[in-house]
Amino acid sequence: QAQLVESGGGLVQAGGSLRLSCAASGRTFTNYAMGWFRQAAGKEREFVAAISWSGSSTYYADSVKGRFTMSRDNAKNTVYLQMNSLEPEDTAVYYCARSRISRILGVTTTEYNYWGQGTQVTVSS
């Protein structure tokens, strides 16, 4: 059974930082690109960041570029999202996901086929 479990969410003031983790188990994740998405209340799930299977390539949404950094540790089957300079607009449930195709850094939800349950990030002004 494939499983992704996010952690690290919480309440933070604007300008603060959080580090999200996503631990994978049950299936092969180390050979696949991984992504982070987020969903604010009443809005559609949107792309945040993606990383290649090796960690050598990353891609970010314009809204988080320069503030968020995605990384991975394949030895630990874990991906991370370091979020700095947080803004109230970053408030959302954050999800990690595994790409359907190992080497594709997708930006749409349909390009991912395994999802975690999400972790809430709330940024107060």
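This report concerns the structure included in the present document. Treat the numbers as computed from the prediction; the structure is a model and nothing was measured.

The phi angle at Asn 77 is positive, at roughly 55 degrees, despite the residue not being glycine. Turning to its location among the elements, Asn 77 is positioned in the loop between strand E7 (68-73) and strand E8 (78-83). Here Asn 77 falls in the partly exposed class, since its relative accessible area comes to 28%. We note that Ser 85 has phi near 50 degrees; this positive angle belongs to a residue other than glycine. Topologically, Ser 85 is positioned in the loop between E8 and strand E9 (92-99).

A few words on the packing of aromatic side chains. What the rule picks out here adds up to 6 aromatic pairs. A ring pair is formed by Phe 37 and Phe 47, whose centres lie 5.7 Å apart and whose planes are at 75 degrees; its orientation type is edge-to-face. Of this pair, Phe 37 sits in strand E4 (residues 34-39) while Phe 47 is found in strand E5 (residues 46-51), placing the two residues 10 residues apart along the sequence. For Phe 37, a relative accessible area of 1% gives the class buried. Aromatic ring contacts, followed pair by pair, group Phe 37, Phe 47, Tyr 59, Tyr 112 and Trp 115 into a single cluster. Seen from the ring of Tyr 95, Arg 45 lies directly overhead, with NZ or CZ sitting 3.7 Å from the centre. Over the face of the ring belonging to Trp 115 we find Arg 45, whose NZ or CZ atom lies 4.9 Å from the ring centre.

With that settled, the discussion passes to the sheet that holds strand E1 (residues 3-7). Whether parallel or antiparallel, the strands of a sheet pair through hydrogen bonds between backbone atoms. Strands sit in the order E1-E3-E8-E7 across an open sheet of 4 strands; the sheet is antiparallel. Taken across any chain shown, the strands that pair with only one partner, and hence form the sheet edges, are E1 and E7. Taken pair by pair, the neighbouring strands of this sheet meet at an average axis angle of 15 degrees, ignoring direction. For strand E3 (residues 18-25) and E8, the ladder comprises 6 bridges, and the chain directions are antiparallel. Bridging from a neighbouring strand, Ser 21 pairs with Tyr 80 of E8.

A word on the side chain of Thr 119. Mapped onto the elements of the fold, Thr 119 is located in strand E11 (residues 119-124). The class for Thr 119 is buried, based on a relative accessible area of 11%. The residues contacting Thr 119, other than those within four sequence positions of it, are Glu 6, Ser 7, Gly 8, Gly 9, Leu 20, Ala 92, Val 93 and Tyr 94.

Attention shifts here to the pairing of E5. The element E5 is largely enclosed, with a buried count of 5 among its 6 residues. Here E4 pairs with E5 via 5 bridges, running antiparallel. Looking at the pairing, Met 34 lines up with Ile 51 of E5. Bridge count for E5 against strand E6 (residues 58-60) is 3 bridges, and the pairing is antiparallel. Looking at the pairing, Ala 49 lines up with Tyr 60 of E6. Where E5 hands over to E6, the hairpin turn is made up of 6 residues, of which Gly 55 adopts a positive phi near 90 degrees.

Parameters at a glance
Residues numbered from 1 in each chain as written. Predicted model: local features only at pLDDT ≥ 70, side-chain atom pairs only at ≥ 80, totals over all residues. Heavy atoms only, no water. Helix = DSSP H or I, 4+ residues; strand = E, 2+ residues; numbered from the N terminus. Buried < 20%, exposed > 50% of the residue type's maximum accessible area, 1.4 Å probe, protein only. Phe/Tyr/Trp six-rings, centres within 6.5 Å; stacked < 30°, edge-to-face > 60°. Lys NZ or Arg CZ within 6 Å of the ring centre and 35° of its normal. Pairing = 2+ DSSP bridges. Axes fitted to C-alpha atoms, helices over the stretch in contact; angles between N-to-C directions. Contact = heavy atoms within 4.5 Å.

By themselves, these observations are geometric and do not establish any function.
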